[in-house]
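# Structural features, examined
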Amino acid sequence: MGIYTMLNFKTNKQRQVGFTLLEVLLVVAVIALLAGIVIVAINPNKNLVGTRNSQRSADVNTILNGVYQHSIDNKGTLPAGITNTATEICATGGGSCTSLVNLSAITTSGKYLVSIPKDPQCPSVCSTDGVGYTIMKDANGRVTVAAPDAEQSKTISVTK
């Protein structure tokens with residue numbers, strides 16, 4: 001009887017090794033909860049929107065600087081086609097620039113810009129041959145370049 005008790009005790013001890021199903025499910029649930037919190041905290045969509053808006057801001061500055069460098073080299077004359085109405089800019093090498101502002105004067109030979117930058121979400125936010133950015137001059141001759149399709153209701157425009 002003593003040996004049987006000893007063997008029975010050993011088999012009971014072996015059955016208690018490992019985790020129960022409830023313990024495993026509890027750990028999986030905690031890990032899933034923590035992963036959900038991390039994903040919400042990181043918010044990849046917000047980061048992508050911020051990146052696209054930063055690119056738009058840099059592009060608007062680049063275009064305006066190219067226009068002003070051209071203006072300085074040409075005794076204050078702006079490239080042709082800039083009016084007092086905000087009009088989309090034509091892409092470099094764009095087919096038909098009808099109803100768009102053609103800034104090929106600043107991209108010719110790559111002297112001021114190699115090409116006109118495009119909105120990060122083109123072609124969905126651009127005209128067929130446009131870049132998604134607008135340009136205009138006011139009554140005082142100040143030029144404004146804007147990104148009308150900026151996300152999260154952000155206004156991106158630069159005036160010189």
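Residues numbered from 1 in each chain as written. Predicted model: local features only at pLDDT ≥ 70, side-chain atom pairs only at ≥ 80, totals over all residues. Heavy atoms only, no water.

## Details of the overall build of the protein chain
Condition: Secondary structure follows DSSP: runs of H or I at least 4 residues long count as helices, runs of E at least 2 residues long count as strands, and numbering of each begins at the N terminus. Accessibility here uses a 1.4 Å probe with only protein chains present; expressed as a share of the type maximum, an area under 20% marks a residue as buried, one over 50% as exposed, and anything in between as partly exposed. Contact criterion: two residues are considered in contact whenever any of their non-hydrogen atoms come within 4.5 Å of each other. Each accessible area value is a Shrake-Rupley result obtained with a 1.4 Å probe; residue values ignore everything except the protein chains displayed when judging cover.
In terms of regular secondary structure, the protein chain is built from 4 helices and 4 strands. Counting all 160 residues of the protein chain, 30% fall into the buried class. In the protein chain, the share of contacts with a sequence separation of at least 24, taken over all contacts with a separation of at least 6, comes to 59%. Just so you have it, the protein chain exposes about 10600 Å², and 60% of that area is on carbon and sulfur atoms.

## Let's talk about the state of the cysteines
Heads up, the condition is: By convention in this document, the label disulfide applies to cysteine sulfur atom pairs within 2.5 Å.
For the structure on display, the rule yields 2 disulfides. Note that Cys122 is cross-linked by a disulfide to Cys126, the S-S spacing being 1.6 Å. Taking the sign of the S-S torsion, about -55° here, the bridge from Cys122 to Cys126 comes out left-handed. Numbered by position along the chain, the disulfide-linked cysteines of the protein chain connect as 1-2, 3-4.

## Looking at the pairing of strand β2 (residues 130-137)
As a general feature of sheets, a regular strand has side chains that alternate between the two faces. Applicable threshold: By definition, two strands form a pair when at least two bridges between them are found by DSSP.
Of all 8 residues that make up β2, 6 are buried, and the element is covered over most of its length. Inspection of the sheet shows β2 paired to strand β3 (residues 143-147) by 4 bridges, in the antiparallel sense. Within β3, the position partnered with Met136 by the bridge is Thr144. Between β2 and β3, which pair antiparallel and follow one another directly, the connecting turn spans 5 residues, one of which, Gly141, has a positive phi of 85°.

## Description of the side chain of Arg56
Cut-off, in case you're wondering: Polar contact is the term for a pair of N or O atoms within 3.5 Å; when the atoms are in protein, one must be able to donate a hydrogen and the other to accept it, and sequence-neighboring residues count only if both atoms are side-chain atoms.
Structurally, Arg56 is set in helix α3 (residues 44-73). Using a relative accessible area of 0% as the deciding quantity, one classes Arg56 as buried. A distance of 2.7 Å separates polar atoms of two side chains, one belonging to Arg56 and the other to Asp119. The residues touching Arg56, leaving out its near neighbours within four places in the chain, are Asp119, Pro120, Gln121, Tyr133, Ala147, Asp149, Ala150, Glu151 and Ile156.

## Section: a nonpolar patch on the surface
Worth spelling out the cut-off: Each patch groups residues whose relative accessible area exceeds 30% and which form no salt bridge, using 9 Å between like charges and 5 Å between nonpolar side chains of Val, Leu, Ile, Met, Phe, Trp and Tyr. Definition used for salt bridges: Asp or Glu carboxyl oxygen within 4 Å of a side-chain nitrogen of Lys or Arg.
On the surface, Leu26, Val30, Leu33, Leu34 and Ile37 cluster together into a nonpolar patch covering about 510 Å² of accessible area. As for its placement among the helices and strands, Leu33 is situated in helix α2 (residues 21-42). Judged by its relative accessible area of 56%, Leu33 falls in the exposed class.

## Describing the nonpolar core
So the rule is basically this: Residues grouped as a nonpolar core are buried Ala, Val, Leu, Ile, Met, Phe, Trp, Tyr and Cys residues, joined through side-chain atoms within 4.5 Å.
Grouped together as the largest cluster of nonpolar side chains are 23 residues, with contacts concentrated most on Ile63, Val67, Ile89, Leu103, Ile116 and Ile135. The element contributing the most residues to this core is α3, with 4 residues.

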